[in-house]
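What follows is the residue order along each chain.
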Amino acid sequence: MKIELMKKPSSLKQIHLIFIGIILVFFCSCVSQKQVKYLQRQQQNDTTNSFRNQRTSDYKLQPHDNIYIRIFGLDEKSYLYFNKQSNMSGYGNYGYGQTEIGLYLDSYVVNDSGYIDFPLIGHVFVKDLKVDQAKDMIQSLVNEYLKNASVTVKMVNFKLTILGEVKMPGSRIVYQDKINIFEAISLAGDLTDFANRQKVALIRQTKEGSQVVYLNLNSIDILRSEYYYLKPNDILYIAPLAIKRWGTETFPWAIILSTLSTTVLLIYYIKIL
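Treat the numbers as computed from the prediction; the structure is a model and nothing was measured.

**Q** Tell me about the sheet that holds strand β2 (residues 107-109), residues and numbers included.
**A** Taken in spatial order, the three strands line up as β2-β1-β5 in an open sheet, and their pairing is antiparallel. The open sheet has two edge strands with one neighbour each: β2 and β5 (150-155). Ignoring strand direction, the axes of neighbouring strands in this sheet form an average angle of 30°. Strand direction decides the pairing type here: strand β1 (residues 66-72) and β2, joined by three bridges, are antiparallel. Residue N66 lies in a different strand from β2, and its bridge partner there is V109. Strands β1 and β5 of the sheet are contacted by helix α5 (residues 131-142), whose axis makes an angle of about 150° with β5.

Shown next, in the form of structure tokens:
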């Protein structure tokens, strides 16, 4: 009888240890709010509300870029000679009634020498010009042929690729001249809870090759970064947190924990009885 009484406390102690272990495993498999929250301030007394950063309006045209050019004027028959018009086009206005393929077919490719071949005018050198500068140059050339003409110039191949821990990975075409990193992530449906926001890889093509920069989206300092605004053909890769290696995203922890806790309680009551 004494032996049995001595065994009961030992068994109860083991049950308590198992239960504590289950609780520890559960909490270790959770992602903290600090790992998920964007734009955190390093100091609580930091009240900075204004941040300077470099915008992509400084992007300069390079060989193999595609630019969309449209000429508008009072005499429709005259300016149509300057405009490409593929069968994939809609009403001829950028972004309205046109498919992605139509915009590409109606665009002008900057060749290896930095020129575009523009109707009637001929070869126009646009390499290392900003989009606005290219627009002003083409406007001045068109003015020699047409009166009261208006020129529209837009980037067509502003493509971003977003991979890793996002809800909708893939490539996105951006129909605007600038986009920041948070706008780009929103196109992919935001990051998952298991995304490593402290080490987001930005891969950018330069004249020297591929440049990789790591950005911390948890810190508000990202708003000051020169990489806050993205450039055409940038790639974002979001790696998973180490915790995901244990399969916590899809593993049925709720069912396992519920089963174990029920088993522990049953053993506890059986021992008492």
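**Q** Could you give me a rundown of the sheet that holds strand β9 (residues 209-215), with the residues and numbers involved?
**A** Spatially, β7-β6-β10-β8-β9 is the arrangement adopted by the five strands of the open sheet, whose pairing is mixed. Sheet topology places β7 (170-173) and β9 at the edges, where each strand pairs with a single neighbour. Each adjacent strand pair in this sheet contributes to an overall mean axis angle of 20°, direction not counted. Across four bridges, strand β6 (residues 159-164) lies against strand β10 (residues 235-240) in parallel orientation. Among the inter-strand pairings, I162 is bridged to a residue of β10, identified as L236.

**Q** With reference to specific residues and values, describe the nonpolar core.
**A** Counting residues in hydrophobic clusters, the biggest one holds 27 residues, and the most contacted among them are I181, L217, L230, L236 and I238. When contributions to this core are tallied by element, the ones reaching two or more residues are β6, α6 (181-187), β8 (195-206), β9 and β10. Ranked by residues supplied to this core, first place goes to α6 with four residues. For I238, the residues in contact, after removing those within four places along its chain, are I162, L163, G164, E165, V166, L191, A195, N196 and V200.

**Q** Give me the lowdown on the pattern of salt bridges, citing residues and values where you can.
**A** Considering all chains together, one arrives at three salt bridges under this definition. Close ionic contact of R70 with D106 constitutes a salt bridge, the shortest N to O distance being 3.5 Å. On the criterion of sequence distance, the pair formed by R70 in strand β1 and D106 in the loop between α4 (100-105) and β2 is long-range, its members being 36 residues apart.

**Q** I'd like a description of α5, backed by residues and values.
**A** Relative to the 16 Å expected for 12 residues at 1.5 Å per residue, α5 spans 16 Å between its end C-alpha atoms, a close match to the ideal helical length. What α5 keeps buried is the set V131, A134, I138, Q139 and V142. Down the axis of α5, the buried set is contained in an arc of 135°. They therefore lie on one face. Across α5 from its buried face, at more than 90 degrees, point the exposed residues D132 and D136. The inward-facing, buried residues of α5 contact β1, β3 (115-118) and β5.

Rules of the game
Residues numbered from 1 in each chain as written. Predicted model: local features only at pLDDT ≥ 70, side-chain atom pairs only at ≥ 80, totals over all residues. Heavy atoms only, no water. Pairing = 2+ DSSP bridges. Helix = DSSP H or I, 4+ residues; strand = E, 2+ residues; numbered from the N terminus. Axes fitted to C-alpha atoms, helices over the stretch in contact; angles between N-to-C directions. Contact = heavy atoms within 4.5 Å. Core = buried A, V, L, I, M, F, W, Y, C linked by side-chain atoms within 4.5 Å. Buried < 20%, exposed > 50% of the residue type's maximum accessible area, 1.4 Å probe, protein only. Salt bridge = Lys/Arg side-chain N within 4 Å of Asp/Glu carboxyl O. Expected span 1.5 Å × (residues − 1). Arc of directions from axis to C-beta.

Read these as spatial facts, not as claims about activity.
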